[in-house]
Amino acid sequence: MKKPIIAGNWKMYNTISQSCDLASQLVESLSLVKDVEVIICPPFTSLSEVTKIIKNTNIRLGAQNIYFEKEGAYTGEISPLMVKDVGCDYAIVGHSERRKYINEDNPLVNLKVRTTLEAGLYPIMCVGESLEEREKGVHEEIVYIHVTGGLLGLSEEEVKKVIIAYEPVWAIGTGKTATPLDAQSMHKFIRNTLSKMYNEDIANSVRILYGGSVKPENIKSLMAESEIDGALVGGASLTASSFERIVKFME
Ligand code: PGA
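Quick caveat: nothing in here was measured; it's all calculated off a predicted structure.

Participant: What is the right way to read the pairing of strand β1 (residues 5-9) from this model?
Facilitator: Taken residue by residue, a regular strand's side chains alternate between the two faces of the sheet. With five of five residues buried, β1 is to be regarded as a mostly interior element. Taking every second residue as pointing to the same face, both faces of β1 are buried, with I5, A7 and N9 on one and I6 and G8 on the other. For β1 and strand β2 (residues 37-41), the ladder comprises five bridges, and the chain directions are parallel. Looking at β2, one finds that G8 is bridged to I40.

Participant: Please explain the packing of helix α1 (residues 16-30) against helix α2 (residues 44-54) as it appears in this structure.
Facilitator: Any two packed helices are characterised by the angle at which their axes cross and by the distance between the axes. Orientation of α1 relative to α2, taken along the N-to-C sense of each, is 25°, at an axis distance of 9 Å. Judged by the angle between their axes, α1 and α2 are roughly parallel. In terms of crossing hand, the pair formed by α1 and α2 is right-handed. Along the contact surface, α1 presents I16, S19, C20, A23, S24 and V27, while α2 presents T45, S46, E49, V50, I53 and I54. By residue class, the composition of the contact of α1 with α2 is seven nonpolar, four polar and one charged.

Participant: Explanation requested: the pattern of salt bridges in the structure shown.
Facilitator: Opposite charge on two side chains permits pairing when their charged atoms draw close. One pass over the full model with this rule turns up 15 salt bridges. Of the charged contacts, one joins E157 and K160 as a salt bridge, the two residues approaching to 3.3 Å between their closest N and O atoms. Given the relative accessible area of 38%, K160 is considered partly exposed. A cluster of three or more residues bridged by salt bridges with shared partners is formed by K2, R191, E227 and D229.

Participant: How do you make sense of the site of the ligand when you look at a structure like this?
Facilitator: Around the ligand, 13 residues are found, and the nearest of them are K11, H95, E167, G173 and S213. At 2.8 Å from an oxygen atom of the ligand is found a side-chain nitrogen or oxygen belonging to K11. A distance of 2.7 Å separates an oxygen atom of the ligand from a polar side-chain atom of H95. Tallied by class, the residues present in the shell around the ligand amount to four nonpolar, seven polar and two charged.

Participant: Explain the sheet that holds strand β6 (residues 163-166) to me, please; I cannot follow it from the model alone.
Facilitator: Across a sheet, strands are paired by hydrogen bonds formed along the backbone, either parallel or antiparallel in direction. One closed barrel accounts for eight strands, arranged β1-β2-β3-β4-β5-β6-β7-β8; its pairing is parallel. For this sheet, the mean inter-axis angle between neighbouring strands, taken without regard to orientation, is 25°. Of the pairings in the sheet, the one linking strand β3 (residues 59-63) to strand β4 (residues 88-93) comprises three bridges and is parallel in character. The partner of G62 across the bridge, within β4, is Y90. Contacts between helix α5 (residues 106-118) and the sheet are confined to β4 and β5 (122-127), with β5 contributing the most and set at about 160° to the helix.

Participant: Sorry, what's going on with the packing of α5 against helix α7 (residues 139-151) here?
Facilitator: Direction vectors running N to C along α5 and α7 enclose 45°, while the axes themselves pass 7 Å from each other. Relative to α7, α5 is oriented oblique. Two packed elements cross with a definite hand, and for α5 against α7 that hand is right-handed. Between α5 and α7, the contacting residues are N106, V109, N110 and V113 on the first element and I145, H146, G149, G150 and L151 on the second. Partitioning the contact of α5 with α7 into residue classes produces four nonpolar, five polar and no charged.

Participant: When you look at the layout of surface pockets in this model, what are you seeing that I'm missing?
Facilitator: Gaps between atoms show up when a probe of the same size as a water molecule is rolled over them. Looking at the largest pocket, its volume works out to about 380 Å³. What lines the largest pocket is a set of 15 residues, and nearest its centre among them are K11, M12, Q64, N65 and R98. For the lining of the largest pocket, the elements supplying multiple residues, two or more each, are α2 and α4 (96-101). No other element matches the three residues that α4 contributes to the lining of the largest pocket. Residues that form the lining of the largest pocket fall into these classes: seven nonpolar, five polar and three charged.

Participant: Sorry, what's going on with the environment of A203 here?
Facilitator: The topology assignment puts A203 in helix α10 (residues 200-205). The class of A203 is buried, set by a relative accessible area of 1%. In this structure the C-alpha to C-alpha distance between A203 and E156, which are 47 residues apart in sequence, comes to 9.8 Å. What A203 contacts, discounting residues up to four positions off in sequence, is R191, L194 and S195.

Participant: Is there a simple way to explain the side chain of E104 in this structure?
Facilitator: Looking at where E104 falls in the secondary structure, it is placed in the loop between α4 and α5. For E104, a relative accessible area of 5% gives the class buried. A distance of 2.7 Å separates a polar atom in the side chain of E104 from a polar atom in the side chain of R98.

Calculation criteria
Residues numbered from 1 in each chain as written. Predicted model: local features only at pLDDT ≥ 70, side-chain atom pairs only at ≥ 80, totals over all residues. Heavy atoms only, no water. Buried < 20%, exposed > 50% of the residue type's maximum accessible area, 1.4 Å probe, protein only. Helix = DSSP H or I, 4+ residues; strand = E, 2+ residues; numbered from the N terminus. Pairing = 2+ DSSP bridges. Axes fitted to C-alpha atoms, helices over the stretch in contact; angles between N-to-C directions. Parallel < 35°, antiparallel > 145°, perpendicular 65-115°, else oblique. Left-handed = near helix turned anticlockwise from the far one by under 90°. Contact = heavy atoms within 4.5 Å. Nonpolar A, V, L, I, M, F, W, Y, C, P; charged D, E, K, R; others polar. Salt bridge = Lys/Arg side-chain N within 4 Å of Asp/Glu carboxyl O. Near = heavy atom within 4 Å. Polar contact = N/O pair within 3.5 Å; in protein donor to acceptor, adjacent residues only side chain to side chain. 1 Å grid on protein atoms, 1.4 Å probe; cavity = no way out; pocket = protein on both sides within 12 Å on 5 of 7 lines; lining within 4 Å. Points joined across faces, edges and corners; volume = space filled by probe spheres on them.

And the structure:
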């Protein structure tokens, strides 16, 4: 049985002091949680303060993005080694907002996944179709391309460390959640794709999260699906009380 992961993606919200307040509230409310892996991904500017607040707790830190080189003349970019240095264990890679606004494509996502792993971080690689793609019925093709393109060339040992987040773009920040069955069916499809790329054992060991308007009200029914290993939460991770209820979905 895999330990469920609940990851909060704070996106471009929260100043340093707001981040510290939120992190402190989470430490207070989540310090006894042992059966769920809790990850928070604040903006870069808050990482060095938040890392102090969650030190020696069960809450882990993630970055929302990283560059695909470890160092060099890349003005404005942040290396995976730098986020590791500040205390991150995870990095979100290929979020749909970056695919859309910064034109990140699958080869770039693949480079980022590889550098993240080389730096000793666990990548949370996001995949998912747009509304248009879903309506055209090509959602599986799109997700297939995201998964195979993002994981291209990874060894078995490496792929086991990748966390995949299936986030249908039409469900992100819209209040529209994929039904648990829609999510389950795409997670199964991803699992089968991994099985073909590697083998069944590897496919079963990779954790696949669902993301897109996850809330305290729908987390339980999503987590009841056998192929859903956790959630990547945006909006509802910005309030301590709602994130707490999501993390404690089993209670
Ligand atoms: P949402 O965002 O929960 O606000 O829909 C999820 C995400 O983008 O990771």
